[in-house]
Amino acid sequence: MKCRKGKIIWMFHNLHPHQGENKYSKMIQNYLINNSDCIITHSKEAESFLLKRTNKPVIYKCHPIKKIDITESVETSSCDILIWGTIFPYKGIYEFISSPEIQQSNFKIHIIGVCYNHALEVLVREKCNENIIYENRRVDFNELYSKIRNSKYVLFPYIGDSVSSSGALIDTIILGGTSVGPNRGAFKDLAEENLCLTYKNQSELISILNGNIKVDVSRCNDFIEQNSWESFGAFINKTLNDL
């Protein structure tokens, strides 16, 4: 690519691999840092992380948005907390539902998403009770839209230091949900725009879940228009021309 005068733009999605770093992932990351003509991040935290490691252009740009068409209404039960998406250890679901505050609370929690890790699935199911329900299956956007509209909060209890951006967070905003996530990465960036809520520790999280704060729906509509894939394509085109 370099010999043919090609330009390399690296989309830097997460700070580290979710499964943990090793010598190969570090080698690949260092190679891309040194050989990319431009690096685009989806969080200011990732931008700061890279600016300490390279003199190459690093640009923060919010994760682009694809508008979701809802074709039918799906009946679904209401809940206080919805957790959706593929179940991975870094998402902190087991840690959240196993905490004493949650086990002893009256929060109605609905977890829905495929879990490919059998041991993790067993742990999650062990902590389910009359208030905590887990369904190991995919959910389409029609059903997800109804579930989000019938939930008080959509929670992302992510743990560890790998997470920078989240496509599921963007989808939740598009579908009109009030998202709650850790005060870092894209969650922190979007909380500054009043598009989601963030917490710094467990006590702050419990306080939010016991409250009744909602995001600014009108701000969400503007955000969706400003960060469409069409807008992102124009941004990439300009970035290439400016290199």
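You'll find the structure just up there.
On a predicted model such as this, the values are computed, not experimentally measured, just so you know.

How each quantity is defined
- Residues numbered from 1 in each chain as written.
- Predicted model: local features only at pLDDT ≥ 70, side-chain atom pairs only at ≥ 80, totals over all residues.
- Heavy atoms only, no water.
- Buried < 20%, exposed > 50% of the residue type's maximum accessible area, 1.4 Å probe, protein only.
- Helix = DSSP H or I, 4+ residues; strand = E, 2+ residues; numbered from the N terminus.
- Pairing = 2+ DSSP bridges.
- Right-handed = clockwise from strand over helix to strand, strands pointing away.
- Axes fitted to C-alpha atoms, helices over the stretch in contact; angles between N-to-C directions.
- Contact = heavy atoms within 4.5 Å.

J.: Is there a simple way to think about the pairing of strand β5 (residues 109–112) in this case?
T.: As a general feature of sheets, a regular strand has side chains that alternate between the two faces. Here β5 shows two buried faces, one formed by I109 and I111 and the other by H110 and I112. Relative to β5, strand β4 (residues 79–84) is paired through four bridges, and the arrangement is parallel. If you follow I81 over to β5, its bridge partner there is I109. By the bridge criterion, four bridges tie β5 to strand β6 (residues 132–135) in an arrangement that is parallel. Bridge pairing links I109 to I132 in β6. Handedness of the crossover joining β5 and β6 through helix α5 (residues 118–126) is recorded here as right-handed.

J.: For this particular structure, what's the right way to read the sheet that holds strand β7 (residues 151–155)?
T.: One key point about sheets: their strands pair by backbone hydrogen bonds, in either a parallel or an antiparallel sense. Strand order in the open sheet formed by six strands is β6-β5-β4-β7-β8-β9, and the pairing between neighbours is parallel. The sheet is open, and its two edges are formed by β6 and β9 (197–199), each paired on a single side. Across the sheet, the mean angle separating the axes of adjacent strands is 25° when strand polarity is ignored. Contacts from helix α7 (residues 167–174) reach β4, β7 and β8 (179–182) within the one sheet, and its direction differs from that of β4 by about 135°.

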